[in-house]
Amino acid sequence: MEKLQNGYLFPEIGRRQVEHMNKCPDAKLINLGIGDTTQPIPHVIATAMAEHCMALGTPKGYRGYGAEQGNKELREEIAQTIYGGLDIKGTEVFVSDGAQCDISRVQLLFGSNTTIALQDPTFPGYLDSSVIMGRSGSFDERRGEYAKIEYMRCTPDNMFFPDLSSVPRTDVIFICSPNNPTGHAASRDQLSRLVDFARSNGSIIVYDSAYAAFISDDSPRSIYEIPRAKEVAIEISSFSKFAGFTGVRLGWTVVPEELRYSNGSLVLKDFDRIICTCFNGASSIAQTGGLACLSSEGSKAIRGVVKFYMENAKIMAETFKSLGFEVFGGDNSPYVWVNFPGRRSWDVFNEILEKTNIITIPGVGFGPGGEGFIRVSSLGHREDVLEASSRLRKLLE
Ligand SMILES: Cc1ncc(COP(=O)(O)O)c(CN[C@@H](CCC[C@H](N)C(=O)O)C(=O)O)c1O
């Protein structure tokens, strides 16, 4: 814990937001920072959860503890609906209270001397949980990196995917695709090279597909679309962004039976033991909502919400492009990644906040590779996105 630098990124953004509001109480703040959803949960899904809640208040409908691994029907439904045709079994799907929580629980699978590689920039949960588990050396202020952690730089020059020929072997490789914050959805070719790399090195890939539902082209939505990926990859995902479940709390982790340690034992068996020891199962209310999300009516409604957010992303991307900025993301992800060459991202964050009352996220918060960029979320209300667009045009014109 002593090695951890600063606070976790998102509470730090929240602190700066409060500080700004105290300084300018009349400011009309627009929050395009933390990737929190804003659109109501579709009625068919909310109704399913409400009905479950009411049933809990009746002698017949009351239910206590469920299976730690998740409701059997939901496990099966995720396997069939999300992973249809990829031969994933319900018994390989572990339902959880969210991807963030599963990232830390998956970390419990590995010993403190485990070596870690991760994208730079990327979601800070992988790095901070690795540092907490004792997998890093000290933080090097000058480089902005922890010793013993392998930072795989992802920049416009390498199509935001690591050049694996220059990456040393590590035990575990964290990959997020579509990537938070760059918005890059890894191609089939990039992921095939990653699977070959992990297979030849005997590494385990931890693949976070929390934004897969936002992919609009033919990029893989799951690592298991790549042949033999089940021998090397765990996949973590979430209902948070596509279903608006950020507060409801529901996610899942897939551990295939084919995934084995070098001594031949099943990783799935260990993860099951960790879940039974450290987690008492996702809320039955949230799981009822999850099942409703995957119904034909629920998934149709959800596609409409995702489309709404991606229209926001287009507005934000066009805004910055029309002002002459180099813009990435926004087509397979609800995040837009904007380059401010030669400027420090915290300075850009501060200037935009001070002059337009808009919260963004400084790119360096996702790793040293994010310096000079900011991340803008499109998960906001349409009126806020349009207002932010007009304020940014005035500031940056
Ligand atoms: C790549 C990736 N994987 C997992 C998650 C969390 O998913 P979960 O909601 O736990 O199922 C996220 C959520 N990230 C957001 C919310 C951050 C703020 C929240 N306090 C947190 O730290 O998760 C953001 O980047 O703005 C993500 O981007």
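Model, not experiment: these values are computed from the prediction. (Residues numbered from 1 in each chain as written. Predicted model: local features only at pLDDT ≥ 70, side-chain atom pairs only at ≥ 80, totals over all residues. Heavy atoms only, no water.)

**With respect to the overall build of the protein chain**
Then comes step 1: Looking only at helices and strands, one finds twelve helices and 15 strands in the protein chain.
Then comes step 2: Oriented by its inertia axes, the alpha-carbon framework of the protein chain measures out at about 55 × 55 × 40 Å.
Then comes step 3: A burial count over the protein chain gives 54% of its 397 residues as buried.
Then comes step 4: Per element, the accessible surface of the protein chain, about 17100 Å² overall, is 52% carbon and sulfur. (Helix = DSSP H or I, 4+ residues; strand = E, 2+ residues; numbered from the N terminus. Buried < 20%, exposed > 50% of the residue type's maximum accessible area, 1.4 Å probe, protein only. Areas by Shrake-Rupley, 256 points an atom, 1.4 Å probe, with all protein chains shown as cover.)

**What to know about the sheet that holds strand β15 (residues 373-377)**
Then comes step 1: As summarised here, the arrangement of the four strands in space is β11-β12-β15-β14, forming an open sheet in which the pairing is antiparallel. On the outer flanks of this sheet lie β11 (326-329) and β14 (361-362), each paired with one strand and no other.
Then comes step 2: Of the strand pairs in this sheet, β14 and β15 are connected by two bridges, and their pairing is antiparallel. Note on β15: the bridge partner recorded for proline 362 is isoleucine 374.
Then comes step 3: Helix-sheet contacts for helix α10 (residues 296-322) involve β11, β12 (335-339) and β15, and the interaxial angle to β12 is about 10 degrees.
Then comes step 4: Of the strands in this sheet, β14 and β15 touch helix α11 (residues 345-356), which is tilted by about 45 degrees from β15. (Pairing = 2+ DSSP bridges. Contact = heavy atoms within 4.5 Å. Axes fitted to C-alpha atoms, helices over the stretch in contact; angles between N-to-C directions.)

**With respect to the pattern of salt bridges**
Pairs can form between side chains of opposite charge whenever their charged atoms are close.
Then comes step 1: What the rule picks out here adds up to 21 salt bridges.
Then comes step 2: Put simply, arginine 105 and aspartate 97 hold a salt bridge, and the shortest N to O gap is 2.4 Å.
Then comes step 3: You can call arginine 105 buried: its relative accessible area is 10%.
Then comes step 4: The partner of lysine 307 in a salt bridge is glutamate 311, with the nearest N and O atoms 2.9 Å apart. Placement of both lysine 307 and glutamate 311 in helix α10 is noted, with a separation of four residues, approximately one turn of the helix.
Then comes step 5: Residues joined by salt bridges that share partners form a network here, namely Glu12, Arg15, Arg16 and Glu19. (Salt bridge = Lys/Arg side-chain N within 4 Å of Asp/Glu carboxyl O.)

**Here we look at α11**
Then comes step 1: For α11, which comprises twelve residues, the first-to-last C-alpha distance of 16 Å matches the rise-based estimate of 16 Å (1.5 Å per residue) to within 8%.
Then comes step 2: Looking at α11, one finds that the buried residues are Ser345, Val348, Phe349, Ile352, Leu353 and Thr356. In a view along the axis of α11, the buried residues occupy a sector of 130 degrees, so they form one face of it.
Then comes step 3: One or two positions beyond α11, positive phi appears at asparagine 357, with a value near 55 degrees. (Expected span 1.5 Å × (residues − 1). Arc of directions from axis to C-beta.)

**Some words on the packing of aromatic side chains**
Then comes step 1: Overall, the coordinates contain 22 aromatic pairs when judged by the stated rule.
Then comes step 2: With a centroid separation of 5.7 Å and an interplanar angle of 70 degrees, the aromatic rings of tyrosine 8 and phenylalanine 10 are classed as edge-to-face.
Then comes step 3: Centre to centre, the rings of tryptophan 337 and phenylalanine 373 are 4.8 Å apart; their planes meet at 5 degrees, and the pair counts as stacked. One end of the pair, tryptophan 337, is in strand β12; the other, phenylalanine 373, is in strand β15, and 36 residues separate them in sequence. Summarising the burial analysis for this pair, tryptophan 337 and phenylalanine 373 share the class buried.
Then comes step 4: Members of the aromatic cluster, joined through ring pairs, are Tyr8, Phe10, Phe123, Tyr126, Phe160, Phe174, Phe328, Trp337, Phe366 and Phe373.
Then comes step 5: The ring of tyrosine 335 is capped by arginine 375, whose NZ or CZ atom sits 3.7 Å from the centre of that ring. (Phe/Tyr/Trp six-rings, centres within 6.5 Å; stacked < 30°, edge-to-face > 60°. Lys NZ or Arg CZ within 6 Å of the ring centre and 35° of its normal.)

**With respect to the sheet that holds strand β9 (residues 233-238)**
Then comes step 1: The seven strands lie next to each other as β2-β10-β9-β8-β7-β3-β6, forming an open sheet whose pairing is mixed. Unpaired on one side and paired on the other, β2 (93-96) and β6 (149-153) mark the two borders of the sheet. Ignoring strand direction, the axes of neighbouring strands in this sheet form an average angle of 20 degrees.
Then comes step 2: As paired strands, strand β7 (residues 172-176) and strand β8 (residues 204-208) are joined by five bridges and run parallel to one another. The residue bridging cysteine 176 from the neighbouring strand is aspartate 208, located in β8.
Then comes step 3: Along the sheet face, helix α3 (residues 72-81) touches β2 and β10 (251-254) and points at about 115 degrees away from the line of β2.

**Some details on the UniProt feature "domain: Aminotransferase class I/classII large" (unreviewed entry) in the protein chain**
Then comes step 1: According to UniProt, the "domain: Aminotransferase class I/classII large" (unreviewed entry) feature falls on residues 28-388.
Then comes step 2: This span, residues 28-388, is 35% helix and 16% strand, and a straight line between its end C-alpha atoms measures 11 Å. (UniProt positions renumbered as here; feature names shortened; annotations may be inferred.)

**Some details on the packing of helix α4 (residues 99-107) against helix α5 (residues 124-132)**
Then comes step 1: Interhelical geometry of α4 versus α5 gives an angle of 35 degrees and a closest axis separation of 10 Å. Crossing angle aside, the handedness with which α4 passes α5 is right-handed. The segment α4 lies against α5, with Ile103, Ser104 and Gln107 engaging Gly125, Tyr126, Ser129 and Ser130.
Then comes step 2: A class-by-class count of the residues in the contact of α4 with α5 yields two nonpolar, five polar and no charged. (Left-handed = near helix turned anticlockwise from the far one by under 90°. Nonpolar A, V, L, I, M, F, W, Y, C, P; charged D, E, K, R; others polar.)

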